[in-house]
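This is what each chain is made of:
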Amino acid sequence: MSIEVRNVDKRFGDFVALDDVSVSIPTGQLTALLGPSGGGKSTLLRIIAGLENADDGTIEIEGVEATHLPPQKRNVGFVFQHYAAFKHMNVAKNVAFGLEIRKRPKADVERRVDELLRLVHLQQFAHRLPAQLSGGQRQRMALARALAVEPTVLLLDEPFGALDAKVRKELRDWLRRLHDEVHVTTVFVTHDQEEALEVADEIVVINDGRIEQVGTPDQLYDEPANDFVMSFLGDVTRLNGVMIRPHDVDVNSTPVDGAVVGTVTRLLRVGFEVRVTVTAEDGHDVAVVLSRAEARGSGLAEGATVWLTPHRGALTVDARPAAGVSA
Ligand SMILES: Nc1ncnc2c1ncn2[C@@H]1O[C@H](COP(=O)(O)OP(=O)(O)OP(=O)(O)O)[C@@H](O)[C@H]1O
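It should be emphasised that the depicted structure is a prediction, and the values quoted were computed from it without experimental measurement.

Right, let's talk about the packing of helix 3 (residues 106-119) against helix 4 (residues 135-148) for a bit. Two quantities define a packed helix pair, namely the angle between the helix axes and the distance between the axes. Helix 4 packs onto helix 3 with a crossing angle of 140° between their chain directions and a minimal axis gap of 9 Å. The angle between helix 3 and helix 4 places the two elements in the oblique class. Taken as a pair, helix 3 and helix 4 cross one another with a handedness that is right-handed. For the pair formed by helix 3 and helix 4, the contact residues are Arg112, Leu116, Leu117 and Leu119 on the first element and Ala144, Leu147 and Ala148 on the second. Its residues placed into classes, the contact of helix 3 with helix 4 shows 6 nonpolar, no polar and 1 charged.

Looking now at helix 5 (residues 165-182). Between its first and last C-alpha atoms helix 5 spans 25 Å; for 18 residues at 1.5 Å apiece the expected length is 26 Å, and the two agree. Three or more residues of helix 5 are buried, namely Arg168, Leu171, Leu175, Leu178 and His179. The buried residues of helix 5 occupy an angular sector of 95° when the element is viewed end-on, so they sit on one face. Structural note: helix 5 exposes Lys166, Asp173, Arg177, Asp180 and Glu181 on the side pointing more than 90 degrees away from its buried face. Buried residues along helix 5 sit against strand 3 (30-34), helix 3, helix 4, strand 8 (185-190) and helix 6 (193-199).

Let's shift gears to the pairing of strand 1 (residues 3-12). In the case of a regular strand, side chains alternate between the two sheet surfaces. Across 5 bridges, the pairing between strand 1 and strand 4 (residues 56-61) is antiparallel. Across the sheet, Glu4 pairs through a bridge with Glu60, a residue of strand 4. The pairing of strand 1 with strand 2 (residues 15-25) spans 7 bridges and is classified as antiparallel. From the neighbouring strand, Val5 faces strand 2, where its bridge partner is Val23. The antiparallel pairing of strand 1 with strand 2 creates a hairpin that spans 2 residues between the two strands, and Gly13 there sits at a positive phi of about 65°.

Among the 13 residues in the neighbourhood of the ligand, the closest are listed as Phe12, Ser37, Lys41, Ser42 and Thr43. Elements that contribute at least two residues to the shell around the ligand include exactly strand 2 and helix 1 (41-49). Top element by residues in the shell around the ligand is helix 1. It accounts for 3 residues. Considered class by class, the residues forming the shell around the ligand number 4 nonpolar, 8 polar and 1 charged.

Take the domain arrangement of the protein chain next. What the domain assignment reports for the protein chain is domain 1 (3-228) and domain 2 (239-323). Between domain 1 and domain 2, the C-alpha centre-to-centre distance is 40 Å. Domain 1 puts 5 residues into the contact, and the matching count from domain 2 is 7 residues. Its residues assigned to classes, the side of domain 1 that touches domain 2 comprises 2 nonpolar, 1 polar and 2 charged.

With respect to the element layout, Asn90 can be found in the loop between strand 6 (76-79) and helix 2 (91-101). When the 16 C-beta atoms within 10 Å are taken as the criterion, Asn90 is described as partly exposed. Through-space distance from the C-alpha of Asn90 to that of Ala126 is 6.7 Å; in sequence the pair is 36 residues apart. Contact partners of Asn90, with chain neighbours within four places excluded, come to Ala126, His127, Arg128 and Leu129.

The rules we used
All residue numbers here refer to positions counted from 1 along the written sequence of the relevant chain. Restriction of local features to residues with pLDDT of at least 70 applies here, the model being predicted, together with a cutoff of 80 or more for giving and counting side-chain atom pairs; totals for whole chains, interfaces and linings are based on all residues. The axes are straight lines fitted to the C-alpha atoms, using for helices just the contacting stretch, and the angles between their N-to-C directions are given from 0 to 180°. The helix and strand labels rest on DSSP assignments: H or I over at least four residues marks a helix, E over at least two residues marks a strand, and numbering proceeds from the N terminus. Oblique is the label for any angle not covered by the other classes, which are roughly parallel (under 35 degrees), roughly antiparallel (over 145) and roughly perpendicular (65 to 115). Here a crossing is taken to be left-handed if its near helix is turned anticlockwise relative to the far helix by less than a right angle, and right-handed if that turn runs clockwise. Placing C-beta atoms from the backbone, we regard two residues as in contact once those atoms come within 7 Å. Throughout this entry, Asp, Glu, Lys and Arg are counted as charged residues, while Ala, Val, Leu, Ile, Met, Phe, Trp, Tyr, Cys and Pro are counted as nonpolar. The remaining residues, Gly among them, count as polar. A helix is expected to span 1.5 Å for every residue after the first. Buried means a residue has 20 or more other C-beta atoms within 10 Å of its own C-beta, exposed means 12 or fewer, and partly exposed covers the counts in between; C-beta atoms are placed from the backbone. In this description, one arc is meant: the one made by directions from the helix axis to the C-beta atoms. Pairing between two strands is assigned when DSSP locates at least 2 bridges connecting them. Each residue gets a C-beta atom placed from its backbone. If that atom is within 6 Å of a molecule or strand, the residue is near it. Per the annotation, domain bounds derive from an automatic or database assignment of domains.

Put into C-alpha coordinates, the structure is as follows:
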(Lines give C-alpha, C1' and ligand atoms only; values in the text may rest on other atoms or scores of the structure.)
Protein backbone atom coordinates (compact mmCIF):
# COMPACT_ATOMS: atom_id res chain seq x y z
CA MET A 1 0.00 0.00 0.00
CA SER A 2 1.24 3.44 -0.87
CA ILE A 3 -0.70 5.55 1.62
CA GLU A 4 -2.02 4.26 4.94
CA VAL A 5 -4.39 6.57 6.75
CA ARG A 6 -5.16 5.24 10.22
CA ASN A 7 -7.85 6.50 12.60
CA VAL A 8 -7.56 10.11 11.54
CA ASP A 9 -9.71 12.70 13.36
CA LYS A 10 -9.87 16.36 12.44
CA ARG A 11 -11.91 19.07 14.10
CA PHE A 12 -12.24 22.75 13.26
CA GLY A 13 -13.45 24.19 16.58
CA ASP A 14 -16.52 22.12 17.47
CA PHE A 15 -16.99 20.93 13.93
CA VAL A 16 -15.90 17.35 13.19
CA ALA A 17 -14.46 17.37 9.64
CA LEU A 18 -13.03 13.81 9.79
CA ASP A 19 -14.21 11.17 12.20
CA ASP A 20 -11.92 8.16 12.72
CA VAL A 21 -11.02 7.80 9.05
CA SER A 22 -8.90 4.81 8.00
CA VAL A 23 -8.12 3.95 4.39
CA SER A 24 -5.38 2.23 2.40
CA ILE A 25 -4.51 3.72 -0.97
CA PRO A 26 -2.78 1.28 -3.31
CA THR A 27 0.51 1.99 -5.10
CA GLY A 28 0.45 2.98 -8.74
CA GLN A 29 -3.29 3.49 -8.97
CA LEU A 30 -5.58 6.39 -9.60
CA THR A 31 -7.82 6.76 -6.55
CA ALA A 32 -10.72 9.22 -6.32
CA LEU A 33 -11.93 10.76 -3.07
CA LEU A 34 -15.58 11.28 -3.94
CA GLY A 35 -18.39 12.83 -1.97
CA PRO A 36 -20.70 15.79 -1.53
CA SER A 37 -19.43 19.27 -0.78
CA GLY A 38 -18.24 19.69 2.79
CA GLY A 39 -17.84 15.94 3.34
CA GLY A 40 -14.15 16.17 4.20
CA LYS A 41 -12.39 15.15 0.95
CA SER A 42 -10.08 18.16 0.74
CA THR A 43 -9.31 17.98 4.44
CA LEU A 44 -8.20 14.36 4.05
CA LEU A 45 -6.09 15.20 0.99
CA ARG A 46 -4.48 18.15 2.81
CA ILE A 47 -3.67 15.93 5.79
CA ILE A 48 -2.02 13.40 3.44
CA ALA A 49 -0.06 16.28 1.86
CA GLY A 50 0.99 17.65 5.26
CA LEU A 51 -0.75 20.99 4.66
CA GLU A 52 -3.02 20.29 7.61
CA ASN A 53 -2.34 18.29 10.78
CA ALA A 54 -4.63 15.55 12.04
CA ASP A 55 -5.81 15.87 15.66
CA ASP A 56 -5.41 12.15 16.02
CA GLY A 57 -4.32 9.19 13.90
CA THR A 58 -1.37 8.51 11.60
CA ILE A 59 -0.32 8.82 7.96
CA GLU A 60 2.21 6.53 6.32
CA ILE A 61 3.48 7.14 2.77
CA GLU A 62 5.34 4.32 1.02
CA GLY A 63 6.21 2.72 4.31
CA VAL A 64 7.50 5.96 5.84
CA GLU A 65 5.79 7.30 8.96
CA ALA A 66 4.79 10.77 7.74
CA THR A 67 2.35 12.04 10.39
CA HIS A 68 4.72 14.75 11.60
CA LEU A 69 6.74 15.36 8.43
CA PRO A 70 6.43 18.79 6.76
CA PRO A 71 4.98 18.76 3.21
CA GLN A 72 8.35 19.20 1.49
CA LYS A 73 9.70 16.05 3.17
CA ARG A 74 6.78 13.85 2.09
CA ASN A 75 7.77 13.65 -1.58
CA VAL A 76 4.25 14.46 -2.74
CA GLY A 77 3.27 16.65 -5.67
CA PHE A 78 0.02 18.60 -5.63
CA VAL A 79 -2.24 20.47 -7.95
CA PHE A 80 -5.18 22.59 -6.84
CA GLN A 81 -8.24 23.89 -8.61
CA HIS A 82 -6.76 27.36 -8.93
CA TYR A 83 -3.16 26.79 -9.66
CA ALA A 84 -0.79 29.59 -8.74
CA ALA A 85 1.88 29.67 -11.43
CA PHE A 86 4.82 32.08 -11.43
CA LYS A 87 3.33 34.73 -13.70
CA HIS A 88 6.60 36.20 -14.90
CA MET A 89 8.15 32.83 -15.83
CA ASN A 90 7.40 31.03 -19.05
CA VAL A 91 5.93 27.52 -19.08
CA ALA A 92 9.29 25.75 -19.32
CA LYS A 93 10.68 27.78 -16.39
CA ASN A 94 7.60 27.06 -14.30
CA VAL A 95 8.01 23.33 -14.92
CA ALA A 96 11.76 23.52 -14.25
CA PHE A 97 11.34 25.41 -10.98
CA GLY A 98 11.35 22.46 -8.57
CA LEU A 99 14.35 20.91 -10.30
CA GLU A 100 16.32 24.16 -10.28
CA ILE A 101 15.82 24.80 -6.58
CA ARG A 102 17.11 21.26 -6.05
CA LYS A 103 20.22 22.30 -8.00
CA ARG A 104 19.95 19.59 -10.65
CA PRO A 105 22.49 19.87 -13.52
CA LYS A 106 21.30 22.22 -16.29
CA ALA A 107 21.32 19.56 -19.03
CA ASP A 108 19.26 17.18 -16.88
CA VAL A 109 16.73 19.91 -16.15
CA GLU A 110 16.36 20.73 -19.85
CA ARG A 111 15.92 17.08 -20.79
CA ARG A 112 13.35 16.47 -18.06
CA VAL A 113 11.36 19.64 -18.88
CA ASP A 114 11.28 18.62 -22.54
CA GLU A 115 10.06 15.18 -21.62
CA LEU A 116 7.35 16.54 -19.31
CA LEU A 117 6.10 19.13 -21.78
CA ARG A 118 5.76 16.38 -24.36
CA LEU A 119 3.89 14.24 -21.83
CA VAL A 120 1.32 16.98 -21.16
CA HIS A 121 1.22 18.05 -24.83
CA LEU A 122 2.55 21.55 -24.24
CA GLN A 123 5.89 21.40 -26.05
CA GLN A 124 4.86 24.12 -28.51
CA PHE A 125 3.95 26.43 -25.59
CA ALA A 126 7.25 26.20 -23.70
CA HIS A 127 8.01 29.90 -24.17
CA ARG A 128 4.57 31.30 -23.40
CA LEU A 129 3.69 32.98 -20.15
CA PRO A 130 0.98 31.32 -18.02
CA ALA A 131 -1.44 34.18 -18.81
CA GLN A 132 -1.19 33.22 -22.48
CA LEU A 133 -2.52 29.71 -21.83
CA SER A 134 -6.11 28.48 -21.63
CA GLY A 135 -7.39 27.19 -18.27
CA GLY A 136 -6.97 23.57 -19.37
CA GLN A 137 -3.43 24.19 -20.61
CA ARG A 138 -2.56 25.86 -17.31
CA GLN A 139 -3.74 22.83 -15.35
CA ARG A 140 -1.65 20.58 -17.61
CA MET A 141 1.35 22.81 -16.88
CA ALA A 142 0.58 22.45 -13.17
CA LEU A 143 0.61 18.67 -13.53
CA ALA A 144 3.93 18.77 -15.38
CA ARG A 145 5.37 20.94 -12.62
CA ALA A 146 4.11 18.61 -9.91
CA LEU A 147 5.52 15.57 -11.74
CA ALA A 148 8.92 17.20 -12.40
CA VAL A 149 10.44 16.25 -9.06
CA GLU A 150 9.25 12.64 -9.41
CA PRO A 151 6.92 12.56 -6.40
CA THR A 152 5.98 9.21 -4.88
CA VAL A 153 2.42 10.43 -4.73
CA LEU A 154 0.49 12.97 -6.77
CA LEU A 155 -2.38 14.72 -4.98
CA LEU A 156 -4.97 16.60 -7.04
CA ASP A 157 -7.70 18.70 -5.44
CA GLU A 158 -10.51 19.19 -7.98
CA PRO A 159 -7.83 19.91 -10.61
CA PHE A 160 -10.38 20.52 -13.35
CA GLY A 161 -13.09 22.02 -11.15
CA ALA A 162 -12.82 25.55 -12.51
CA LEU A 163 -13.00 24.56 -16.18
CA ASP A 164 -16.03 24.29 -18.43
CA ALA A 165 -17.71 20.92 -18.94
CA LYS A 166 -16.19 20.13 -22.33
CA VAL A 167 -12.60 20.91 -21.29
CA ARG A 168 -13.13 18.99 -18.05
CA LYS A 169 -14.12 15.93 -20.01
CA GLU A 170 -11.12 16.19 -22.32
CA LEU A 171 -8.74 16.60 -19.38
CA ARG A 172 -10.33 13.68 -17.59
CA ASP A 173 -9.59 11.36 -20.55
CA TRP A 174 -6.15 12.88 -20.78
CA LEU A 175 -5.44 12.31 -17.05
CA ARG A 176 -6.40 8.65 -17.44
CA ARG A 177 -4.02 8.23 -20.39
CA LEU A 178 -1.27 10.17 -18.61
CA HIS A 179 -1.64 7.92 -15.60
CA ASP A 180 -1.45 4.81 -17.78
CA GLU A 181 1.89 6.17 -19.02
CA VAL A 182 3.51 7.25 -15.76
CA HIS A 183 1.75 5.08 -13.14
CA VAL A 184 2.48 7.42 -10.26
CA THR A 185 0.19 6.81 -7.29
CA THR A 186 -2.45 9.51 -7.70
CA VAL A 187 -5.22 10.63 -5.37
CA PHE A 188 -7.74 13.13 -6.68
CA VAL A 189 -10.64 14.86 -5.05
CA THR A 190 -13.88 15.24 -6.93
CA HIS A 191 -17.55 15.75 -6.14
CA ASP A 192 -18.45 14.61 -9.66
CA GLN A 193 -19.50 10.96 -9.66
CA GLU A 194 -19.15 10.64 -13.44
CA GLU A 195 -15.57 11.91 -13.24
CA ALA A 196 -14.76 9.36 -10.54
CA LEU A 197 -16.49 6.48 -12.33
CA GLU A 198 -14.74 7.23 -15.61
CA VAL A 199 -11.24 7.91 -14.39
CA ALA A 200 -10.53 6.11 -11.13
CA ASP A 201 -9.26 2.59 -10.50
CA GLU A 202 -10.62 2.85 -6.99
CA ILE A 203 -13.08 5.22 -5.33
CA VAL A 204 -13.26 6.24 -1.67
CA VAL A 205 -16.72 7.64 -0.92
CA ILE A 206 -16.60 10.24 1.87
CA ASN A 207 -19.63 11.84 3.47
CA ASP A 208 -20.00 13.78 6.70
CA GLY A 209 -16.39 13.15 7.71
CA ARG A 210 -16.69 9.38 7.39
CA ILE A 211 -15.87 6.81 4.75
CA GLU A 212 -19.03 5.23 3.38
CA GLN A 213 -17.35 2.69 1.08
CA VAL A 214 -14.12 1.92 -0.80
CA GLY A 215 -14.16 -0.05 -4.03
CA THR A 216 -13.75 -0.14 -7.78
CA PRO A 217 -16.27 1.84 -9.82
CA ASP A 218 -18.09 -1.41 -10.69
CA GLN A 219 -18.21 -2.57 -7.07
CA LEU A 220 -19.66 0.72 -5.91
CA TYR A 221 -22.22 0.83 -8.67
CA ASP A 222 -23.24 -2.83 -8.51
CA GLU A 223 -22.82 -3.50 -4.78
CA PRO A 224 -23.29 -0.22 -2.92
CA ALA A 225 -22.84 -0.62 0.83
CA ASN A 226 -25.83 1.57 1.62
CA ASP A 227 -28.45 3.89 0.20
CA PHE A 228 -26.12 6.89 0.36
CA VAL A 229 -23.55 5.27 -1.94
CA MET A 230 -26.26 3.94 -4.22
CA SER A 231 -27.88 7.33 -4.65
CA PHE A 232 -24.58 9.16 -4.98
CA LEU A 233 -23.36 6.89 -7.78
CA GLY A 234 -26.33 6.87 -10.06
CA ASP A 235 -30.02 7.61 -10.24
CA VAL A 236 -32.32 5.98 -7.72
CA THR A 237 -35.98 5.95 -6.97
CA ARG A 238 -38.03 4.55 -4.10
CA LEU A 239 -40.34 1.59 -4.60
CA ASN A 240 -42.07 -0.19 -1.72
CA GLY A 241 -39.58 1.11 0.86
CA VAL A 242 -36.42 0.18 -1.05
CA MET A 243 -34.07 2.16 -3.28
CA ILE A 244 -33.86 0.90 -6.85
CA ARG A 245 -32.40 2.20 -10.11
CA PRO A 246 -35.13 3.70 -12.35
CA HIS A 247 -34.20 1.39 -15.25
CA ASP A 248 -34.75 -1.62 -12.95
CA VAL A 249 -38.45 -0.88 -12.46
CA ASP A 250 -40.86 -2.90 -14.66
CA VAL A 251 -44.07 -1.21 -15.76
CA ASN A 252 -47.01 -3.59 -16.16
CA SER A 253 -50.27 -2.56 -17.78
CA THR A 254 -52.27 -5.32 -16.05
CA PRO A 255 -52.50 -6.11 -12.30
CA VAL A 256 -49.55 -7.98 -10.75
CA ASP A 257 -49.50 -9.38 -7.18
CA GLY A 258 -47.49 -7.24 -4.77
CA ALA A 259 -47.04 -4.44 -7.31
CA VAL A 260 -47.19 -0.74 -6.52
CA VAL A 261 -50.24 0.67 -8.27
CA GLY A 262 -50.02 4.15 -9.73
CA THR A 263 -50.90 6.55 -12.49
CA VAL A 264 -48.53 7.75 -15.21
CA THR A 265 -48.26 11.49 -14.59
CA ARG A 266 -45.38 12.34 -16.92
CA LEU A 267 -43.75 10.87 -20.01
CA LEU A 268 -40.61 12.48 -21.33
CA ARG A 269 -38.55 11.32 -24.28
CA VAL A 270 -34.83 12.12 -23.91
CA GLY A 271 -32.59 10.70 -26.61
CA PHE A 272 -32.72 6.90 -26.44
CA GLU A 273 -34.78 6.71 -23.32
CA VAL A 274 -38.20 7.53 -22.01
CA ARG A 275 -38.45 8.90 -18.48
CA VAL A 276 -41.73 8.07 -16.82
CA THR A 277 -43.09 9.47 -13.57
CA VAL A 278 -45.65 7.28 -11.88
CA THR A 279 -47.57 8.70 -8.93
CA ALA A 280 -48.35 5.84 -6.57
CA GLU A 281 -51.62 5.54 -4.64
CA ASP A 282 -49.91 6.83 -1.48
CA GLY A 283 -48.98 10.01 -3.38
CA HIS A 284 -45.21 9.52 -3.81
CA ASP A 285 -43.60 9.66 -7.23
CA VAL A 286 -41.64 6.74 -8.66
CA ALA A 287 -39.18 7.47 -11.47
CA VAL A 288 -38.88 4.85 -14.19
CA VAL A 289 -36.59 4.82 -17.21
CA LEU A 290 -37.52 2.72 -20.22
CA SER A 291 -35.92 2.29 -23.60
CA ARG A 292 -37.94 3.71 -26.48
CA ALA A 293 -38.77 0.18 -27.64
CA GLU A 294 -40.01 -0.82 -24.17
CA ALA A 295 -42.12 2.33 -23.92
CA ARG A 296 -43.64 1.71 -27.34
CA GLY A 297 -44.30 -1.97 -26.54
CA SER A 298 -46.13 -1.16 -23.31
CA GLY A 299 -48.38 1.43 -25.01
CA LEU A 300 -47.92 3.83 -22.10
CA ALA A 301 -49.76 7.13 -21.97
CA GLU A 302 -50.20 9.83 -19.38
CA GLY A 303 -53.18 9.08 -17.16
CA ALA A 304 -52.86 5.29 -17.55
CA THR A 305 -52.98 3.03 -14.48
CA VAL A 306 -49.86 0.85 -14.16
CA TRP A 307 -48.45 -1.77 -11.77
CA LEU A 308 -44.78 -1.36 -10.86
CA THR A 309 -42.50 -4.22 -9.86
CA PRO A 310 -38.74 -4.53 -9.43
CA HIS A 311 -37.06 -6.14 -12.43
CA ARG A 312 -35.90 -9.70 -11.71
CA GLY A 313 -32.40 -9.62 -10.20
CA ALA A 314 -32.56 -5.84 -9.70
CA LEU A 315 -30.31 -4.28 -7.10
CA THR A 316 -32.29 -2.93 -4.16
CA VAL A 317 -31.08 -1.30 -0.96
CA ASP A 318 -33.16 -0.50 2.13
CA ALA A 319 -33.93 3.19 2.28
CA ARG A 320 -32.92 5.06 5.41
CA PRO A 321 -35.62 7.60 6.19
CA ALA A 322 -32.99 10.22 7.05
CA ALA A 323 -30.96 9.74 3.91
CA GLY A 324 -32.57 12.68 2.15
CA VAL A 325 -32.92 10.82 -1.13
CA SER A 326 -35.97 11.83 -3.07
CA ALA A 327 -38.27 9.06 -4.13
N1 LIG B 1 -9.74 25.79 7.96
C2 LIG B 1 -11.01 25.47 8.27
N3 LIG B 1 -11.65 26.05 9.30
C4 LIG B 1 -12.91 25.71 9.62
N5 LIG B 1 -13.64 24.78 8.97
C6 LIG B 1 -13.07 24.19 7.92
C7 LIG B 1 -11.73 24.49 7.52
N8 LIG B 1 -11.42 23.70 6.44
C9 LIG B 1 -12.53 22.97 6.19
N10 LIG B 1 -13.50 23.24 7.08
C11 LIG B 1 -14.84 22.61 7.15
O12 LIG B 1 -14.67 21.21 7.14
C13 LIG B 1 -15.65 20.58 6.31
C14 LIG B 1 -14.98 19.70 5.29
O15 LIG B 1 -14.33 20.54 4.36
P16 LIG B 1 -13.59 19.96 3.08
O17 LIG B 1 -13.03 21.11 2.32
O18 LIG B 1 -12.68 18.88 3.49
O19 LIG B 1 -14.82 19.33 2.28
P20 LIG B 1 -14.86 18.78 0.81
O21 LIG B 1 -15.49 17.43 0.92
O22 LIG B 1 -13.52 18.84 0.20
O23 LIG B 1 -15.85 19.78 0.14
P24 LIG B 1 -15.71 20.64 -1.21
O25 LIG B 1 -15.99 19.69 -2.31
O26 LIG B 1 -16.79 21.66 -1.05
O27 LIG B 1 -14.33 21.23 -1.20
C28 LIG B 1 -16.49 21.70 5.72
O29 LIG B 1 -17.68 21.81 6.45
C30 LIG B 1 -15.63 22.93 5.90
O31 LIG B 1 -16.44 24.09 6.08
